Amino acid sequence: MLNWSEEKNANGRPLPLHWKRAIAVIWTGQAFSVLATCAATFAVIWHVTTAEESALALSVVGIAALLPTALLSPFGGVAADRFNKRWLIIAADGMAGAFSLVMALLSVAGTLSLELLLGLLVVRSAAQAFHGPALMALMPELVPERDMVRINTLNQTLSSLSAIGGPALGMLLYTLWGFAAVLVMDAACAALCLCLAVARLPYARSGEKEKRGLAVDLREGLGAIAGDSGISVLLLMTMAAMLLFMPLGTLSPLLTYDWFGGDGFAASVVEAAGGIGLLAGSVLVMAWGGGKRLVPVLVVAGMVIGVCCIVGGLLPRGAFPAFVIAMGLAFAGAAVFNAPIIPLMQTRVDPAKFGRVMGLFGALTTLAYPIGLFIAGPAAEALGLNRWFVVIGMALCILMLAFSLCRPLRALDGAASDERFR
C-alpha cells in the first residue's frame, strides 16, 4: 500500500511519499541502457566511416537510425495514452536488446553485413518510437511542477554522460574484442529496463477508459498542437533546429577523419566533447532552473549553436583542438535549447492527451533529422563539409532571430515575455 506525501505532481495529483526513490530506480536503469546504446551506435558509425569514406553513406546510417522513430512515434504516443507506460518502456528496451544480441551472434558467425547493421538501427529506432513518448508522458506524473525543467534536464544529463563515455567505451571494446562485444554489452544493459518492474508508479496506467479508433486519437493529438499557435511555432522552431544542426553530429566523424586527419579515437574525442558540452549545459540548467522566461533561453541557445558551427567550419587542418572545443560549446547550447521544450508544452497540453501530443511532436521533430540528412549528405559532398558547417551556422543564427520576433512563441512565457523582446 502506498503512503502519500503532501506534494502534488505536475498534473495536480498526489505524489507517493518516497517519489524520489522511483526517480532513482528508473534513471539508474536508463543510464546504463543509454550508455550502451551510445557505444554501439558510435561503433556502427565508425565502421561505416572507415569502410565507405562517404558523407552519403553516413547519411544513410543516420536515416536508418531515425526515420522509423519519426514514422512510428505517433503510434507510440497513442499507446502511451492507452496502455501501461511502465510495460511499454520495458517492452521497447527488451526488443532492442534482443535484436542486438542476435546481431552479436551473426557477427561472431561472420555473416554480419552492412544491410544487417542498418536493420539493427531500424529496429532500435522503432523501439525508441514507443519508449520515448511513454517516458515523456510519465514524467509529469513523477515530479512536482516546479521540478519539470530539472527532471527534463536530468534526462539530458544522463545522455550527456553517455555521450562522453559511450564512444570511447565503444571504440575500446571494438578494438580489443570486436564489434560483437559492443553488441553484447548493449543487450545486457537493455535488460536493466527491468528496474522499472520494481518501481512504484501509481499513475503508469492510462486513465483513459473510452476505446476509440487510432485515427481519432491521432486527430485529437494533431488538433491539440494545431489549436495552440504557440505550440505550433515551438514545433516549427524545434524542427528547424533539428533539421539544420543534428545531421552535423552524424557527419562530424568524417570531418575529423578526412579534414583533420584523425583516427577513431580522435573522432571519439569529438563525441566526448559533445557529451561534456551537453553535461555542462544540463548542469547549468539544473542549477539555474531555467528562470521564468524560457523562450529567450531557446533563442539565445540556438544562436550559440549557430556561431559554434560557423567557427568549426572555418578552422584550418591543424586546428583540431579548436574544433573539439567548438563542438563542445555547440552541444552545450543544444542542452540549454532542449531543456525548456517539454516544460513549455506541459503547461499548455491536457494531461489526458499528453502522450499522443508528445508522440506527434517527437515524430515531426525527429523526421526533420533524416530530412536534414537527405539534404546534408549531397550538399556536404558538393560544397565540402567545412563550408556546409558554415552555411548551417549562418542559417541557425538567422532563423533564431526570426523566431524571436514571433508573438505566439513569446506568448508561451506569458505577457512578461513580450516586454523582454520589445
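Heads up: the structure comes first, above all this text.
## Details of the overall build of the protein
Within the protein one finds 16 helices and two strands. Out of the 422 residues belonging to the protein, those deemed buried represent 57%. Restricting to contacts in the protein with at least 6 residues of sequence separation, those with at least 24 account for 85%. Counting only carbon and sulfur atoms, one obtains 69% of the accessible surface of the protein, whose full area is about 17,300 Å².

## Here's the deal with the nonpolar core
Phe-245 and Phe-323 are the most contacted members of the largest nonpolar core, which has 57 residues in total. Excluding residues that lie within four positions of it along the chain, Phe-323 makes contacts with Leu-255, Thr-256, Phe-260, Val-270, Gly-312, Leu-315 and Phe-389. Listed in part, the 55 residues of the second largest apolar core include Ala-79, Met-139, Ile-231 and Met-345.

## Description of the packing of helix α10 (residues 295-314) against helix α14 (residues 385-404)
With their axes 7 Å apart at the nearest point, α10 and α14 run at an angle of 160 degrees to one another. The orientation of α10 with respect to α14, classified from their angle, is roughly antiparallel. Here α10 runs over α14; the crossing is left-handed. Here Leu-298, Val-299, Gly-302, Met-303, Ile-305, Gly-306, Val-307, Cys-309, Ile-310, Gly-313 and Leu-314 of α10 lie close against α14, whose contacting residues are Asn-386, Phe-389, Val-390, Gly-393, Met-394, Leu-396, Cys-397, Met-400, Leu-401 and Ser-404.

## Overview of the environment of Val-48
Within the fold, Val-48 resides in helix α1 (residues 19-52). The exposure class of Val-48 is buried, given its relative accessible area of 2%. Val-48 sits 66 residues away from Leu-114 along the chain, and the two C-alpha atoms are 8.1 Å apart.

Each value, and the rule that gives it
- Residues numbered from 1 in each chain as written.
- Predicted model: local features only at pLDDT ≥ 70, side-chain atom pairs only at ≥ 80, totals over all residues.
- Heavy atoms only, no water.
- Helix = DSSP H or I, 4+ residues; strand = E, 2+ residues; numbered from the N terminus.
- Buried < 20%, exposed > 50% of the residue type's maximum accessible area, 1.4 Å probe, protein only.
- Contact = heavy atoms within 4.5 Å.
- Areas by Shrake-Rupley, 256 points an atom, 1.4 Å probe, with all protein chains shown as cover.
- Core = buried A, V, L, I, M, F, W, Y, C linked by side-chain atoms within 4.5 Å.
- Axes fitted to C-alpha atoms, helices over the stretch in contact; angles between N-to-C directions.
- Parallel < 35°, antiparallel > 145°, perpendicular 65-115°, else oblique.
- Left-handed = near helix turned anticlockwise from the far one by under 90°.

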